[in-house]
Amino acid sequence: MKEYWTSLASLLGVLAFCQSLLQVIFPPELRFACLKVFNRVFNLFSSYCYFDITEIDGVNTNELYNAVQLYLSSSVSTNGSRLSLTRALNSSAITFGLSNNDCIVDTFNGVSVVWEHVVTQRQAQTFSWRPLPEEKRGFTLRIRKRDKSLILDSYLDYVMEKANEIRRKNQDRLLYTNSRGGSLDSRGHPWESVPFKHPSTFDTLAMDPVKKREIMEDLKDFANGQSFYLKTGRAWKRGYLLYGPPGTGKSSMIAAMANYLSYDIYDLELTEVHNNSELRKLLMKTSSKSIIVIEDIDCSINLTNRKKNNNNNTSTRNYYDPEMRCVSVPGPGEDGGNSITLSGLLNFTDGLWSCCGSERIFVFTTNHIEKLDSALLRCGRMDMHIFMSYCSHPALMILMRNYLGYDESNLDADVLKQLAEVVDKAEMTPADISEVLIKNRRCKPKAVSELLEALKTRANRNLLQNVILREKNSEDIMEDEEQEKRALESPPNEGSEFEEPCKKQEVEDEEKMK
């Protein structure tokens, strides 16, 4: 046994001597050069090339790594055999991902690529301003050399775009409002946000289905129209004006638009904006893929119609008159108040500053469209005018389905006929009808009967008001006709402003003849 250990020790000594001799003969620089040459020869005969995407680039997180991770999560749920589950902050969905050192094959335009998730232990902790994770993570992309141009030019951009879509769908949408008095939050932003969880969708929106489909198609064309707006030289934005009586669903329409496109909402309170400069700063701090809303614009600030003002004033005023353009808004300042101008608001929606960002939708709401200046209503600022009308028969059926689970087959034919006949005459808003259905939702037959009674009562009241209005109009017409008749029957020498000069001329002519 002693001889065995002696022989083993001698062998180890010989190996150590040989290793030392090799290190002397082949120094590290030579070994590195040989390895480099070997890799070049291998790559020369290999038909593949490799790209490494690390999680941390220096001290910053690599956005491409996160994008690849999200992109692969959309397909590994069916192709991968071993998956990792994650749920991000402010996310409403669980996403799948590749496990450590697992591979997956992806196809793009007929070209196959291989993604490998490489996870290794970090050997030494180098000096850094922040501690690095113990594991070094990254993705390795293997492609054929002949597909290199296609992958680098198109595929990686495609991965980034798809990752943004997945992130937007999974992440909860936010509702922003501008800070009171223009103050900034702890991060220096003028907007304050809360999670937006409004349940309104186009399916639940009580509106004519034809008009609803038209709006949805317009929104879809806008969201997919980046190349169109770029080709035509237009800013990638669109304006919508929602007008109609109160309670017709204007706010629900905005929520449905946000849920349909997965956009955030910026609710702009103009009374908290002091001047045009602050308005522009608010616009610059909004993100793309968002809806900027100004509700009840005719009530929040004084944007009266210039034509109406000109008709009421005896003197003629120009559009560039500061009194016509200025919109007074009370606020702190040296002179006791600041103001934004109509010109500033127009530039906010359709000026040079409106193109600072992309894929934005501007939505104005009002109950009185006639009060708004025509400059706000033209195409390019408010491209689509949507009239939110009283509840129609198709909208009534949507409300019945939403609140009671009823459709036309669940209603008696006579009741259905009466509802169709009286709903247009009643001129009730969806909010009024919804309140009747909510109050009686536990007893569905009672809800239908009370709704029919409420519609009939409102229709009779509207009919009575129309009769009174017609009688009043007829009385006014008869009074006007009576005044015209008395004027025609009055003597011609009474109150005529043209006869006095004629009489004076006749007297002068007679004196000349004498």
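So, how was this worked out
- Residues numbered from 1 in each chain as written.
- Predicted model: local features only at pLDDT ≥ 70, side-chain atom pairs only at ≥ 80, totals over all residues.
- Heavy atoms only, no water.
- Salt bridge = Lys/Arg side-chain N within 4 Å of Asp/Glu carboxyl O.
- Helix = DSSP H or I, 4+ residues; strand = E, 2+ residues; numbered from the N terminus.
- Buried < 20%, exposed > 50% of the residue type's maximum accessible area, 1.4 Å probe, protein only.
- Pairing = 2+ DSSP bridges.
- Axes fitted to C-alpha atoms, helices over the stretch in contact; angles between N-to-C directions.
- Contact = heavy atoms within 4.5 Å.
- Parallel < 35°, antiparallel > 145°, perpendicular 65-115°, else oblique.
- Left-handed = near helix turned anticlockwise from the far one by under 90°.
- Nonpolar A, V, L, I, M, F, W, Y, C, P; charged D, E, K, R; others polar.
- Core = buried A, V, L, I, M, F, W, Y, C linked by side-chain atoms within 4.5 Å.
- Phe/Tyr/Trp six-rings, centres within 6.5 Å; stacked < 30°, edge-to-face > 60°.
- Lys NZ or Arg CZ within 6 Å of the ring centre and 35° of its normal.

Caption draft 1: The pattern of salt bridges, seen in detail. One pass over the structure, following the stated rule, counts two salt bridges. With its nearest N and O atoms 2.7 Å apart, the salt bridge here joins E359 to K289. Here the residue E359 occupies a position in the loop between α13 (342–350) and β16 (360–366), and K289 occupies one in the loop between α9 (276–284) and β13 (290–294), the gap between them amounting to 70 residues. A relative accessible area of 5% places E359 in the buried class. Take K289: its relative accessible area is 25%, and that puts it in the partly exposed class.

Caption draft 2: The arrangement of the sheet that holds β16 in detail. As summarised here, the arrangement of the seven strands in space is β10-β9-β12-β13-β16-β11-β17, forming an open sheet in which the pairing is mixed. The open sheet is flanked by β10 (191–195) and β17 (384–387), the only strands paired with a single partner. Across the sheet, the mean angle from the axis of one strand to that of its neighbour is 20°, orientation sign disregarded. As paired elements, strand β9 (residues 174–178) and strand β12 (residues 264–267) share three bridges and run parallel to each other. Bridging across to β12, Y176 finds its partner in Y266. Running at roughly 155° to β17, helix α6 (residues 209–223) makes contact with β11 (237–243), β16 and β17 of the sheet.

Caption draft 3: A look at the packing of helix α15 (residues 393–404) against helix α16 (residues 413–426). Between α15 and α16, whose axes approach to 9 Å, the crossing angle comes to 125°. By the angle between their axes, α15 is oblique relative to α16. Between α15 and α16 lies a crossing whose hand is right-handed. On α16, the residues touching H393, L396 and M397 of α15 are L416, L419, A420, V423 and D424. The residue inventory of the contact of α15 with α16, partitioned by class, reads six nonpolar, one polar and one charged.

Caption draft 4: Local environment of the nonpolar core. Membership of the largest hydrophobic core comes to 27 residues, with the highest contact counts inside it found for M253, M257, I291, I361 and V363. Listed by contribution, the elements that provide at least two residues to this core are α6, β11, α8 (250–261), β13, β16 and β17. Those residues in contact with I291 that sit more than four places away from it in its chain are I254, M257, A258, Y263, D264, I265, Y266, I361 and V363. Residues L174, F362, A375 and M382 belong to the second largest nonpolar core, which totals 26 residues.

Caption draft 5: Quick peek at the packing of aromatic side chains. Under the counting rule described, the total for this entry stands at 14 aromatic pairs. Relative to W236, the ring of F222 lies with its centre 6.2 Å away and its plane at 50°, an arrangement referred to as tilted. With F222 in helix α6 and W236 in the loop between α7 (226–232) and β11, this residue pair connects regions lying 14 residues apart in the sequence. In terms of burial, F222 and W236 fall into one category: buried. Relative to F387, the ring of Y243 lies with its centre 5.3 Å away and its plane at 40°, an arrangement referred to as tilted. Of this pair, Y243 sits in strand β11 while F387 sits in strand β17, and the two are 144 residues apart along the sequence. Look at F387 and you get partly exposed, because its relative accessible area is 37%. Among the aromatic residues, ring-to-ring pairing joins Y65, Y71, F108, W115, F139, Y155 and Y158 into one connected group. In this structure, R142 is placed above the aromatic ring of Y48, and the distance from its NZ or CZ to the ring centre is 4.6 Å. R238 extends its terminal NZ or CZ atom over the ring of Y240, reaching a point 5.9 Å from the ring centre.

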